[in-house]
Amino acid sequence: TAQQIGFRREIADTDELLTNQADRSTAMKKVESGSHKEGFRLDESDIDFMILLTEHRVVWHSSQFHFSDMLDLALILCDSSGSPPGYTLLRLPFEVASDVVLSACIRVNGHLYISSSKCREAMRPLSLLGSTIHGPCSNGILAGLEYDQAFCFVSDFWPPFASSWKDRCHSWPCPNVVNDIIRNGCHFAAIGHKLGNLADHEWRISFSQAEHKLVYSMNHAQFLTYGMLKLFLNEIINNELDEEDQQLCSYHMKTGVFWAIQQNSLLHWCQENLLAGFWVCFKLLLKWVYEGVCPNFFIPQNNLFFGKVCGQPQKNLFVFLYKMYEHGINFLLQSPTIGSYIIDVLCNPRLCITTDEHSLMSEAEVDDDFFSEMFKNDTLYMSNLQDCIKFLVMVEKLVESPLTDCQVVMLQKHTASVLQKTASILPTYSDSILSNKEMYVAEKLSGRLLKLAAQFGFVSDILYIALFYYKSRRYRNASHVLELAKVKLVQPYLMYNEQVDGEMYTEAVGGQPWSIKMRKAVARDIILYNDIFYVKELEPEHQFLSHSLRDAMFVPPFIILHMLEFLCCRQTDTMKAQTALEDLQFLVHHDENEFIPIPLRDISWEILGICHQMAGNLQAARYSYQQSLRQDPLHEIQTVTRQRIQELHM
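The structure contained in this document is the topic of the report that follows. (Residues numbered from 1 in each chain as written. Predicted model: local features only at pLDDT ≥ 70, side-chain atom pairs only at ≥ 80, totals over all residues. Heavy atoms only, no water.)

## Brief notes about the pairing of strand β7 (residues 111-114)
Looking along a regular strand, one sees side chains alternate from face to face of the sheet.
Moving on, step 1. As paired strands, strand β6 (residues 105-108) and β7 are joined by four bridges and run antiparallel to one another. If you follow Val 108 over to β7, its bridge partner there is His 111.
Moving on, step 2. What sits between β6 and β7 in their antiparallel hairpin is a turn of two residues, with Asn 109 showing a positive phi close to 50°. (Pairing = 2+ DSSP bridges. Helix = DSSP H or I, 4+ residues; strand = E, 2+ residues; numbered from the N terminus.)

## Examining empty space enclosed by the protein
Moving on, step 1. For the structure on display, the rule yields five cavities of 30 Å³ or more.
Moving on, step 2. Reported here for the largest cavity is a volume of approximately 200 Å³.
Moving on, step 3. Residue lining of the largest cavity: 18 residues in total, with Asp 378, Ser 417, Gln 420, Ile 527 and Tyr 529 positioned closest to the centre.
Moving on, step 4. Looking at the lining of the largest cavity residue by residue, the classes come out as nine nonpolar, four polar and five charged. (1 Å grid on protein atoms, 1.4 Å probe; cavity = no way out; pocket = protein on both sides within 12 Å on 5 of 7 lines; lining within 4 Å. Points joined across faces, edges and corners; volume = space filled by probe spheres on them. Nonpolar A, V, L, I, M, F, W, Y, C, P; charged D, E, K, R; others polar.)

## Some points on the pattern of salt bridges
Moving on, step 1. With the rule as written, the count across this model stands at 25 salt bridges.
Moving on, step 2. The salt bridge involving Lys 413 is made with Asp 378; its shortest N-O contact spans 3.4 Å. One end of the pair, Lys 413, is in helix α16 (residues 405-430); the other, Asp 378, is in the loop between α14 (363-376) and α15 (385-399), and 35 residues separate them in sequence. Taken individually, Lys 413 and Asp 378 each receive the classification buried, so the pair is uniform in this respect.
Moving on, step 3. Glu 565 is paired through a salt bridge with Lys 486; the nearest N and O atoms lie 2.6 Å apart. Of this pair, Glu 565 sits in helix α23 (residues 557-572) while Lys 486 sits in helix α19 (residues 475-489), placing them 79 residues apart in sequence.
Moving on, step 4. Here Lys 486 falls in the partly exposed class, since its relative accessible area comes to 24%.
Moving on, step 5. Put simply, Asp 13, Glu 16 and Lys 37 are held in one network by salt bridges that share partners. (Salt bridge = Lys/Arg side-chain N within 4 Å of Asp/Glu carboxyl O. Buried < 20%, exposed > 50% of the residue type's maximum accessible area, 1.4 Å probe, protein only.)

## So, the side chain of Glu 202
Moving on, step 1. With respect to the secondary-structure elements, Glu 202 resides in the loop between β11 (186-189) and β12 (203-206).
Moving on, step 2. Separated by 3.0 Å, the side chains of Glu 202 and Ser 83 make a polar contact. (Polar contact = N/O pair within 3.5 Å; in protein donor to acceptor, adjacent residues only side chain to side chain.)

## Remarks on helix α6 (residues 175-183)
Moving on, step 1. Within the sequence span of α6, burial applies to Val 177, Val 178 and Ile 181. Projected down its long axis, α6 shows its buried positions confined to an angular sector of 100°, all on one face. Away from the buried face of α6 by more than 90 degrees, exposed residues Pro 175, Asn 176 and Arg 183 are located.
Moving on, step 2. Summarising the contacts, the buried residues of α6 are in contact with α5 (164-168) and α7 (208-217).
Moving on, step 3. Gly 185 occupies a position one or two residues after α6 and carries a positive phi of about 65°. (Arc of directions from axis to C-beta. Contact = heavy atoms within 4.5 Å.)

## Here we look at unusual backbone geometry
Moving on, step 1. Trp 172 connects to Pro 173 through a cis peptide bond whose omega is -10°.
Moving on, step 2. Here Pro 173 lies in the loop between α5 and α6.
Moving on, step 3. Phi angles above zero are rare outside glycine, and Arg 473 is one such case at about 65°.
Moving on, step 4. With respect to the helices and strands, the residue Arg 473 is situated in the loop between α18 (462-471) and α19.
Moving on, step 5. With relative accessibility at 64%, the residue Arg 473 sits in the exposed group.

The quantities given are spatial measurements derived from coordinates; they are silent on function.
As structure tokens, this is what we get:
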């Protein structure tokens, strides 16, 4: 729905703003791009990042820079005289750049150029471990999600040979968007054209950020048309095709939508005309495949089909698409996703596809999507107290500016997370530089920060207080907090893991602001960071994860609750400890994706095994560890699990 797209974008933009404002002194800036940033959540969508090399600036001719610029920036000059449209060479006129960029340079006719292929290799050590080079990007898997990461140079100036684009923008996009796009220039991705004289060293001119602004400027019907084209591509055209056999990609679909909107091919882009809008784009795509030409939206001379849609495969693709054209719009029923939405409309022409969010989704369903998005984007990186303070100052500044409801609750959760991280860092930070009295004060402050965070974070955030007390060996205090947490977490209206009683939820918090709903009725997983051992019994898992790509483990709140209850009661009440262990065992053995999400079953079985081992029940511990090995390895802790099984035989 339009509301979903709106808050997905706002949440991502707010997180990106905080991260980049806090890291302004660094030589690189991380910017999300691609369909995920646009607001899509398709199963096959990966997450695209551009890493902007901000200490370098690209200009098109010498009049665009002053020698004073060289104090802060390494200047790069475009040389596109011998390159195909949409591509250029990048020259260092003063031969000044960062060490990693200089290592990727070659000499051509006495001038120093940055080689795109060499730059990809030079940047490889800066990519995440385990990634592989795919085109201009490094590709890999992080936290179960596929990502593409591309290192790019930045130009604040609009390419001269894209100047005609502004003259075409009579009806779309609006002048404000056009001016904003031109004012923000373009980027350069490390990939050359197959026909270029120096293909291994050329750079592709990227309009990724401009395209991002264009997608944001679409109305909802236009955006849905774009989404239907992506589904049509994935579920019909490219279905069952190997990647090397796929001629069309999602960028071709996006380009088609841009041209169709700008050419005013459909006078009224609205929900009643959704299928008509798709048909306009489909016919344009059919024409392009027939001609073998897909013009880049900004530089039409750049044929996006070159080397991809040609020869016999092109003819076969045209025949395939033309057969669909002959069948009419009914061919969309072949798409499992689209078909279920349009079959009633195709059977009854008097009906239209509704995009009204109140008829499509309940308030509880919308809120679940919102809080899931917010939790996924609560990813501020803090390694020390200075980082924590930096983010708090940033939040303080943003709070003084006009904010939407979405931004308010996002900043609220960010603040809770920063306070929790600060509270975790303080005791370890003070260990070596403070006196015993000062350490006591720091620990007391940590407790206060966690209590403050629990007042406006998720319902489950109260468990961080219990973790803090357990780590401090204040077991009775921890047990008291756990009793409070039990009351909060067993409410019938609680929302967790896409599980919620919609009627009870609406009765309890319906119509209230998201900030209140979050505090009263929403639980999320507990994040245990590797650099802070909240629970010493999980230290082997943390140490192993610290050597991998993960900086934390995610544990269901109900698992944390029963685990801590067992660990604390072992010190004070063995009968209650046994009851807590039985509750934990029943939950792990019998839960059906209600309190334990399937991806978190590996760590849940692991924790049950640890608790059984501590209680002396080695047979139950072995069974639990074996079950952990059989789950989806989200946390990739199998090595530690096998070591724990071996220890049982010692």
